[in-house]
Amino acid sequence: IHKSCHGFLPAPRHLRCQFLSGAEAPRWNDHDTPEEFNFASGVLDYWTQMEKEGKRGPNPALWWVNDQGDEVKWSFREMTDLTRRAANVFTQTGGLRQGDHLALILPRVPEWWLVTVGCIRTGIVFTPGTTLMKAKDILYRLQVSKAKGIITTDTLAPEVDSVASECPALKIKFLVSDHSREGWLDFRSLIKSASSDHTCVKSKTMDPMAIFFTSGTSGLPKMAKHNQGLALRSSFPSCRKLLQLKTSDVFWCLSDPGWILAVLASMFEAWTAGSTVFIHHLPRFDPNVIVQTLSKYPITQCLAAPSVFRMILQQDFTSLRFPTLEHTCAGGEALLPEEQEQWRRQTGVLLYQVYGQSETGITCGILRGMKIKPGSMGKAIPPFDVQIIDDKGDVLPPNTEGNIGIRIKPTKPIGLFMCYQDDPVKTAETECGDFYNTGDRATMDAEGYIWFLGRSDDVINASGYRIGPTEVENALAEHPAVAESAVVSSPDPIRGEVVKAFVVLTPQFLSRDRDQLTKELQEHVKSVTAPYKYPRKVEFVPELPKTITGKIKRNELRKKEFGQL
Ligand code: ATP
Ligand code: MG
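Calculation criteria
Residues numbered from 1 in each chain as written. Chains lettered and ligands numbered in written order. Predicted model: local features only at pLDDT ≥ 70, side-chain atom pairs only at ≥ 80, totals over all residues. Heavy atoms only, no water. Helix = DSSP H or I, 4+ residues; strand = E, 2+ residues; numbered from the N terminus. Rg over C-alpha atoms; globule rule 2.2 N^0.38 Å. Buried < 20%, exposed > 50% of the residue type's maximum accessible area, 1.4 Å probe, protein only. Contact = heavy atoms within 4.5 Å. Pairing = 2+ DSSP bridges. Axes fitted to C-alpha atoms, helices over the stretch in contact; angles between N-to-C directions.

Trainee: Can you tell me about the overall build of the protein, naming the residues and giving the values?
Mentor: When helices and strands are counted, the protein shows 16 helices and 27 strands. Over its C-alpha trace the protein gives a radius of gyration of 24 Å, about what one expects of a compact globule, namely 24 Å for 565 residues. For the protein, the C-alpha atoms occupy an extent of roughly 70 × 55 × 55 Å along the three principal directions. Relative to its full complement of 565 residues, the protein shows a buried share of 59%. At a minimum sequence separation of 6, the contacts of the protein that also span at least 24 residues come to 67%.

Okay, structure coming up:
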């Protein structure tokens, strides 16, 4: 039994549905691998019991708002009741069984939490997808995941219907709407009439729980399959140190519900700590709405992609002081050191960084309270043993560039994906000696801080120098002419490869002389970073190629440079 330093953590005993008082609760150890684990019965129902016993404060478990002034507040008791109903809707009405795949394509609506937890109660494997998808994207995902069911809204239902005949595995469709639609089951009314009696499956920790589609930055999205252990990992002491959430915290994660980050942050991390999950419907990212929301609601912690913080900083807000905000985190993409600094100056709140993948969940990060080294992604979060490795899987010394690897031998850590669904070849390709190779390049300093350089394919090899695009993009970003940039390798008759920057200009610089600007940007890069990194070629473009959620597809630019597109 390990004494909790911040208390209120679920205990192994809860698996057997015995509830201890929060203060006495033992907790999981970083390297525990229990035979059975289920987030719904082990964590959510624990907090329901704490609520019943008066051992948790009055904050709701879920607090949802939208622009129209609607609000939903559900306690843990209500969450338990509603998610049991959802479980019954899926199995009894929908005929879905443990192990079946359910495509979950919902915007930020309260039902998303009923679906995910409802699936966990039944062992149905949920496969989230973003609502930004079009018919073609949905078709691809339904076909490769062989989803038996789908749940979505009115907006996407016609798109689904337009491709459903090409998806032989698809048997059942649920609609989350106030209207009905032919061929679809009405989830909202079914929840109302369903029974709240449900016995949670006794899932094994290694049983599949969810399949996440990767973003598709470097090709077609891959299906990273995770087991129930992904949720267990949130209970590990080392993970709790990342955000140090408490029952009194109101935590807002802005990630699209189609990504692993939303499942981790807006559900496992927050509810493991008994915190309130705050959610704004946010049909699109409007910096004004985000700033107003942070001012109006008692949000204490906020996690979002770097681009969200960038968008806010690019507006001229007179004040960015938020009354209750204590902690902010960015992840999913490179965070520029100067944005970190600007955010701190303007809000008075430090901006921490986390790094992860659909395959790995949160891999490393700056733990709350740990010294921030601007630009670093922080340190490994156990049970992950993160090392910088060479192409044979040997660990490299400090400050040496290599691949970010996670040790999988002799034991694969809890929280790492099981495999790419139906793709043993791709899965095997990620294994490198005793490590899982993330395919990202970085260095680690003597203190264990990890510094991201770029994806392996994106690193440029120019005249014997290895250059990460992020370093050059960071340098360019400091220049007022640069709204955004992407740096890639480009062929050169003499040097083999050179650094090329694709630059989107800020409005004030659009009319400037391009040749002169090119020289200015080159001089600027030489002055702020090692001169060999400066872009020998600069091309000004109106926009950069991006994935549905806005990640820059450098490989497309690179292929164009090398004449493959
Ligand atoms: P695909 O694998 O389909 O090409 P993807 O790798 O973008 O797409 P995700 O799993 O959503 O799909 O994203 C993980 C990747 O995002 C990481 O491998 C890394 O390249 C990038 N990333 C995540 N966090 C950070 C961070 N803090 N700094 C820099 N890059 C990050
Ligand atoms: Mg990837």
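Trainee: Tell me about the sheet that holds strand S27 (residues 537-540), and please be specific about residues and values.
Mentor: The sheet built from three strands is open, its strands ordered S25-S26-S27 with mixed pairing. The sheet is open, and its two edges are formed by strand S25 (482-492) and S27, each paired on a single side. If you compare each strand with its neighbour and ignore which way they point, the axes differ by 25° on average. Where strand S26 (residues 496-505) lies against S27, four bridges are found, and the strand directions are parallel. The residue of S27 that forms the bridge with Phe-502 is Glu-539. Packing of helix H14 (residues 469-477) onto the sheet brings it into contact with S25 and S26, and relative to S25 it is tilted by some 140°.

Trainee: Break down the sheet that holds strand S10 (residues 250-253) for me, with residues and values.
Mentor: In sheet architecture, strand pairing relies on hydrogen bonds along the backbone and comes in two forms, parallel and antiparallel. Spatially, the nine strands line up as an open sheet ordered S2-S1-S11-S10-S12-S13-S14-S15-S16, and their pairing is mixed. Looking at the sheet topology across the chains shown, the edges are occupied by strand S2 (71-74) and strand S16 (379-380). Summarising the sheet, strand S14 (residues 351-357) and strand S15 (residues 361-365) pair through four bridges and their orientation is antiparallel. In the strand pairing of S15, Tyr-355 is matched with Cys-364. Most of the contacts of helix H11 (residues 306-314) go to strand S13 (residues 327-331), to which it runs at about 120°, and overall it touches strand S12 (301-304), S13 and S14.

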